[in-house]
Amino acid sequence: MSVRFINSRMAAIGECMLELSECATNHDQPVLQLGYGGDTLNTALYAARLGIAAHYVTALGDDPRSEWLIDQWQQEGINAQWVHTLAGRQPGLYWITTDDQGERSFAYWRGESAARELFMEEARVAVLTEQLATVGLVYFSGITLSLYQSNSLHKFWNMLEALRDRGVILVFDGNYRPKGWQHPRDARAAFSQAYRLCHMALPTHDDEVMLFDDASEQATLDRLAAQGLQEVVLKRGPRGCLVWAEGACTEVLATPCEKPIDTTAAGDSFNAAYLAARLTGNDPMTAARAGNTLAGTVIQHRGAIIPPGAMPTSMVLRDLLTSRRHVAKGDALISTRVLG
């Protein structure tokens, strides 16, 4: 079965927060670096760096910090026209600490984040639906779902159904963070609905086991296939990923990394390169290699967003950029083979 993208543009929906990361110590006190990040924003940013026309969809406040975030995104080439400004609100904030193995932990201040209100108003959702119907791919995550109360989530599902009916490809990253949910059963219900609606999924196996108690990687793939997904990439950290597409499951090994410094945004950057490759007509194996290459570079830097000059220049990503330049000439329809 073939999936036909409307075009090679993508939109990511979610929340971006101010980021404080511990970059050093001074007399046993942490030295903090200010940045920004959020799982779907990270993916949109890295996709933009790879030449994809990427929109970000969220809500921010009317404060200086919100204005700073939009300015930073636009400098990275992200289209922020669909960011909604809510008077009197502000962005959330998180603090990253990392251990000696590069594994990270987070503390959040996000209860009053403007992004939580994005889907509260029917009129705003109607506008967003029309805007998103003009892109080829809409991407969101489990963290996106955790933002919304039941009424907002109902409007979100309705919007996705309308977009699917209009030919937009829906992609879900099952990024499960228990602190974002009142109870695991709420997350399981939301994730299952997302999987039923989407064409593609890019979950991390550890997250799926935590939420669904899958006994094996094959059990995870079987469960997702039963939801009707057509293409699945099961991320497995340093062991690479399993790509299930075109009726076959193939292992793609991770890019070797001697010692990761910070695994923040490893999955987000993988998703960016994978989707960029698929949007530009590359096959799933090439896309997975591109994802592994970018993720392998990102984990060798601190924070979610690495410097532009640190982006990898491997043959896989050079081929991806060459493909993007070819597609951008006419922004033509792109056919992608997926599991049917």
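For the structure given in this document, a descriptive report is provided here.

1. A few points about the overall build of the protein
(1) Moving on: For the protein, the helix and strand inventory stands at eleven helices and 16 strands.
(2) Moving on: Expressed as a percentage of its 340 residues, the buried residues of the protein come to 56%.
(3) Moving on: Within the protein, contacts between residues at least 6 apart in sequence are counted, and of these 73% link residues at least 24 apart.
(4) Moving on: Of the roughly 14,300 Å² that the protein leaves accessible, carbon and sulfur atoms contribute 50%.

2. Here's the deal with the state of the cysteines
(1) Moving on: Evaluated as defined, the whole model comprises zero disulfides.
(2) Moving on: Not part of a disulfide, C241 finds its nearest cysteine sulfur in C249, a span of 9.4 Å.

3. Digging into the packing of helix 5 (residues 150-165) against helix 6 (residues 184-197)
(1) Moving on: Between helix 5 and helix 6, whose axes approach to 11 Å, the crossing angle comes to 10°. The angle between helix 5 and helix 6 places the two elements in the roughly parallel class. As for the relative orientation of helix 5 and helix 6, their crossing is right-handed in sense. The segment helix 5 lies against helix 6, with L153, W157, L160, E161 and R164 engaging A190, Q193, A194, R196 and L197.
(2) Moving on: When its residues are assigned to classes, the contact of helix 5 with helix 6 shows six nonpolar, one polar and three charged.

4. A short note on helix 7 (residues 205-212)
The α-helix winds at 3.6 residues per turn, so residues separated by three or four positions along the chain end up facing the same way.
(1) Moving on: Listed in full, the buried residues belonging to helix 7 are H205, D207, E208, L211 and F212. End-on view of helix 7: buried residues confined to an arc of 160°, all on one side of the axis.
(2) Moving on: Looking at the buried side of helix 7, the elements it contacts are helix 6, helix 8 (217-226) and strand 13 (231-235).
(3) Moving on: Of the residues flanking the end of helix 7, it is D213, one or two places downstream, whose phi is positive at about 60°.

5. Let's talk about the layout of surface pockets
Any space left empty among the atoms is revealed by the rolling of a water-sized probe across them.
(1) Moving on: Space inside the second largest pocket adds up to approximately 450 Å³.
(2) Moving on: Looking at the second largest pocket, it is lined by 18 residues, and the ones nearest its centre are R116, S146, G180, W181 and Q182.
(3) Moving on: Mapped by element, the contributors of at least two residues to the lining of the second largest pocket are helix 4 (142-146), helix 5 and helix 6.
(4) Moving on: When residues of the lining of the second largest pocket are assigned to their parent elements, the largest contribution, three residues, is made by helix 4.
(5) Moving on: In the lining of the second largest pocket, the residues fall into eight nonpolar, five polar and five charged.

Quick notes on the rules
Residues numbered from 1 in each chain as written. Predicted model: local features only at pLDDT ≥ 70, side-chain atom pairs only at ≥ 80, totals over all residues. Heavy atoms only, no water. Helix = DSSP H or I, 4+ residues; strand = E, 2+ residues; numbered from the N terminus. Buried < 20%, exposed > 50% of the residue type's maximum accessible area, 1.4 Å probe, protein only. Contact = heavy atoms within 4.5 Å. Areas by Shrake-Rupley, 256 points an atom, 1.4 Å probe, with all protein chains shown as cover. Disulfide = S-S within 2.5 Å. Axes fitted to C-alpha atoms, helices over the stretch in contact; angles between N-to-C directions. Parallel < 35°, antiparallel > 145°, perpendicular 65-115°, else oblique. Left-handed = near helix turned anticlockwise from the far one by under 90°. Nonpolar A, V, L, I, M, F, W, Y, C, P; charged D, E, K, R; others polar. Arc of directions from axis to C-beta. 1 Å grid on protein atoms, 1.4 Å probe; cavity = no way out; pocket = protein on both sides within 12 Å on 5 of 7 lines; lining within 4 Å. Points joined across faces, edges and corners; volume = space filled by probe spheres on them.

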